[in-house]
Amino acid sequence: MRLSTTSYLVLGMIALRGPSTPYDLKRAVSRSVGYFWHFPHAQLYSEPDRLADAGLLALDTEEHGRRRKTYSLTDEGRAALREWLAAPTAEHFQMRDIAELKLFFNEAGSPDDVGKLAREQIRQHESRIADYEDMVARHGREEWAEPRMITIELGLEMEHAALRFWSALANDDLDRLRRERTERDPRD
């Protein structure tokens, strides 16, 4: 059976949180990896069945009431997840940023569009930085959260980089941004 990134996301979430329903997975994803990994959440309702059919998850269905399905990791599922985690990742990160796509096509729009886009992006990146900093303030010192804080640090770095860019664009100061990048480039 071919496993997709969504397959590993499901296996990983269940490994971290324990037995989970698809709804539990959806909520957990929206509060964690959903900040940086976007995909159709409907997959969280179909993928666990596929993984259970492959023997990577065990399925327990309530006998009465809503007949809720709860999935837990099998030894085979844990082994598949560990193998995936240990394998090198040769692919470069993917960035599907609609704002960057709009920026690329900016000359086909109105001259005011770039400034409006930049101001909105500044607002969004400042908001995401505040969200991440709030997570660090709430959970950064908790032992269970410490391994996950690494991801938030990467998120903060990326958000600050995007904020620097959009702020420089909004202030018509891209030359300063280029100079600063050249000054801190360790390859020189």
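About the criteria used
Residues numbered from 1 in each chain as written. Predicted model: local features only at pLDDT ≥ 70, side-chain atom pairs only at ≥ 80, totals over all residues. Heavy atoms only, no water. Core = buried A, V, L, I, M, F, W, Y, C linked by side-chain atoms within 4.5 Å. Buried < 20%, exposed > 50% of the residue type's maximum accessible area, 1.4 Å probe, protein only. Helix = DSSP H or I, 4+ residues; strand = E, 2+ residues; numbered from the N terminus. Contact = heavy atoms within 4.5 Å. 1 Å grid on protein atoms, 1.4 Å probe; cavity = no way out; pocket = protein on both sides within 12 Å on 5 of 7 lines; lining within 4 Å. Points joined across faces, edges and corners; volume = space filled by probe spheres on them. Nonpolar A, V, L, I, M, F, W, Y, C, P; charged D, E, K, R; others polar. Axes fitted to C-alpha atoms, helices over the stretch in contact; angles between N-to-C directions. Parallel < 35°, antiparallel > 145°, perpendicular 65-115°, else oblique. Salt bridge = Lys/Arg side-chain N within 4 Å of Asp/Glu carboxyl O. Arc of directions from axis to C-beta. Left-handed = near helix turned anticlockwise from the far one by under 90°.

Give me the lowdown on the nonpolar core, citing residues and values where you can.
Core analysis: the largest hydrophobic core is formed by 20 residues, its most contacted members being Val-10, Leu-11, Ile-14, Leu-44, Leu-51 and Leu-57. Mapped onto this core, the elements with two or more residues apiece are helix 1 (5-17), helix 2 (22-30), helix 3 (43-53), strand 2 (69-73) and helix 4 (75-86). Element by element, the count of residues in this core is highest for helix 1, at six residues. Other than its neighbours up to four places away in sequence, Leu-57 contacts Val-10, Leu-11, Ile-14, Pro-48, Leu-51, Ala-52, Tyr-71, Ser-72, Leu-73 and Thr-74. If you look at the next biggest cluster of nonpolar residues, it comprises 17 residues, including Leu-103, Val-114, Met-149 and Trp-166.

Report on the layout of surface pockets, specifying residues and quantitative values.
The method is simple in principle: a probe with the dimensions of a water molecule rolls over the atoms, and the space it marks as empty is what remains. Reported here for the second largest pocket is a volume of approximately 150 Å³. In this structure, the second largest pocket is lined by Thr-21, Pro-22, Tyr-23, Asp-24, Tyr-45, Arg-66, Arg-68 and Lys-69. Looking at the lining of the second largest pocket, the element that brings in the most residues is helix 2, giving three residues. Considered class by class, the residues forming the lining of the second largest pocket number three nonpolar, one polar and four charged.

Outline the packing of helix 1 against helix 2, listing residues and values.
Contact geometry for helix 1 and helix 2: axes closest at 11 Å, N-to-C directions at 90°. Comparing their axes, helix 2 and helix 1 come out roughly perpendicular. Residues Leu-9, Val-10, Met-13, Ile-14 and Arg-17 of helix 1 pack against Asp-24, Leu-25, Ala-28 and Val-29 of helix 2. Residues of the contact of helix 1 with helix 2, tallied by class, amount to seven nonpolar, no polar and two charged.

Lay out the pattern of salt bridges in plain terms, naming residues and giving numbers.
Counted according to the given criterion, the structure contains nine salt bridges. The partner of Arg-138 in a salt bridge is Asp-134, and the shortest N-O contact between them spans 2.9 Å. One end of the pair is Arg-138 and the other is Asp-134, both in helix 6 (residues 112-139) and four residues apart, which spans about a single turn. On the basis of relative accessibility, which here comes to 37%, the residue Asp-134 falls in the partly exposed class.

Outline the side chain of His-125, supporting the account with residue identities and numerical values.
Mapped onto the elements, His-125 comes out in helix 6. Judged by its relative accessible area of 11%, His-125 falls in the buried class.

So what's going on with helix 3? Which residues, and what values?
Among the residues of helix 3, those classed as buried are Leu-44, Glu-47, Pro-48, Leu-51 and Ala-52. End-on, the buried residues of helix 3 take up no more than an arc of 135°, which puts them together on one face. Looking one or two residues beyond helix 3, the residue adopting positive phi is Gly-55, at roughly 85°.

Could you give an account of the environment of Ser-127, with specific residues and numbers?
Residue placement: Ser-127 occurs in helix 6. The partly exposed category is assigned to Ser-127, whose relative accessible area is 35%. Taking the C-alpha atoms as reference, Ser-127 lies 9.7 Å from Glu-159; in sequence the two are 32 residues apart.

I'd like a rundown of the environment of Gly-115, residues and numbers included.
Within the element layout of this structure, Gly-115 appears in helix 6. Residue Gly-115 is classed as partly exposed on the basis of its relative accessible area, which comes to 21%. Once the C-alpha coordinates of Gly-115 and Leu-51 are considered, the two residues, 64 residues apart in sequence, prove to be 47 Å apart.

With reference to specific residues and values, describe the packing of helix 1 against helix 4.
Angle between the axes and distance between the axes are the two parameters that describe a pair of packed helices. Put simply, helix 1 and helix 4 touch, their axes get as near as 10 Å, and they point 110° apart. Taken as axis vectors, helix 1 and helix 4 run roughly perpendicular relative to one another. With respect to the hand of their crossing, helix 1 and helix 4 are arranged in left-handed fashion. On helix 4, the residues touching Tyr-8, Leu-11, Gly-12 and Ala-15 of helix 1 are Gly-77, Arg-78, Ala-80, Leu-81 and Trp-84.

Shape is all these values report; function is a separate question.
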